[in-house]
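A look at the structure
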Amino acid sequence: MVAACSYFITGTDTEVGKTLISTALLYGLAQRGLRAAGMKPVAAGAVLRDGAWHNDDVDELAAAASIALPPALTAPYVLREAAAPHIAAAFENVDIDLDHIRTCYQKIAAAADAVVVEGVGGFRVPLSDRLDSADLARQLGLPVILVVGLRLGCINHALLTADAIAARGLTLAGWVANGVDPAMPHAEANIEALAKRLQAPPLGAVPWLPVPLAAAAAAYLDFSGLPGWPGKPHVST
């Protein structure tokens, strides 16, 4: 089962703003009156708070969602160690099961109008000795949005990631340039180079934000070209 609007968010690397763009996407969906849910199937790095393990990305997605769902569905694998997922999972004797993740996604999709699934790290980050994040994306089969962290080397990383997405038969539905280095020289020239080479529509360029809030990022983005994207914003009366 796929909700009316479902997207998989990946990035050119870790710490490139996947969570910020995911929350901005949830914000835009909620503004259109949709029951929008966020999902982080695998999260690495958690702290114990109020008797439960919390991951910052998971908490931000939950806060941006317009419906509340059980964490066991929206974040089925929260690993304590802040390390590559396959290392953290092995350290905790956890076997990441893609079938279980798919079942969780299907339950979320049945309860929501829209689902934003945030990947972990970059597109090929290992989840185990046999699986990586690309296998997860393929298992869900959703349109992919690529977050390009604007820093030196981002053009190469973006093009390689786009090739990897296409090689798995997935659709690159769009890409976002996200400012992660406020001092990056020639940022606009890099964005222009990406626009000429990536075979997907640009969804916008978010500058470096001192306070990275979903609503602030959404102001720089246009998701209207995404498959299944709803029309006019919802207006409360």
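To be clear, the structure that these remarks concern was listed above.
Bear in mind the structure is a predicted one, so any value in this text is a computation, not a measurement.

**Quick look at the sheet that holds strand β10 (residues 202-206)**
- Spatially, six strands are ordered β2-β7-β1-β8-β9-β10 in an open sheet, and the strand pairing comes out parallel. Among the strands making up the open sheet, the edge pair consists of β2 (36-39) and β10. Here the strands of the sheet are splayed against their neighbours by 20° on average, with no regard to which way each runs.
- Bridge analysis of strand β9 (residues 172-179) against β10 gives four bridges, and the strand direction is parallel. Bridge pairing in β10 places N178 opposite V206.
- Helix α8 (residues 187-197) contacts β8 (144-150), β9 and β10 of the sheet and is inclined by roughly 175° relative to β9.

**As for the packing of helix α5 (residues 98-111) against helix α6 (residues 133-140)**
- In contact at an axis separation of 10 Å, α5 and α6 are set at 45° when each is read in the N-to-C sense. Here α6 runs oblique to α5, going by the angle between their axes. Relative to α6, the crossing made by α5 is right-handed. Contacts between α5 and α6 involve L98, D99, I101, R102 and Y105 from the first element and D135, L136, Q139 and L140 from the second.
- Considered class by class, the residues forming the contact of α5 with α6 number five nonpolar, one polar and three charged.

**Digging into the environment of H54**
- Tracing the chain through its elements places H54 in strand β5 (residues 52-54).
- Taking the C-alpha atoms as reference, H54 lies 9.6 Å from A43; in sequence the two are 11 residues apart.
- Apart from residues lying up to four places away in sequence, H54 is in contact with G45, A46, V47, R49 and D59.
- Within the local environment of H54, its side chain forms a polar contact with the side chain of D59, the two groups lying 3.1 Å apart.

**So, the side chain of T10**
- In this structure, T10 sits in strand β1 (residues 5-11).
- For T10, the residues in contact, after removing those within four places along its chain, are K18, G122, F123, V144, I145, L146, V147 and I165.

Conventions used here
Residues numbered from 1 in each chain as written. Predicted model: local features only at pLDDT ≥ 70, side-chain atom pairs only at ≥ 80, totals over all residues. Heavy atoms only, no water. Pairing = 2+ DSSP bridges. Helix = DSSP H or I, 4+ residues; strand = E, 2+ residues; numbered from the N terminus. Axes fitted to C-alpha atoms, helices over the stretch in contact; angles between N-to-C directions. Contact = heavy atoms within 4.5 Å. Parallel < 35°, antiparallel > 145°, perpendicular 65-115°, else oblique. Left-handed = near helix turned anticlockwise from the far one by under 90°. Nonpolar A, V, L, I, M, F, W, Y, C, P; charged D, E, K, R; others polar. Polar contact = N/O pair within 3.5 Å; in protein donor to acceptor, adjacent residues only side chain to side chain.

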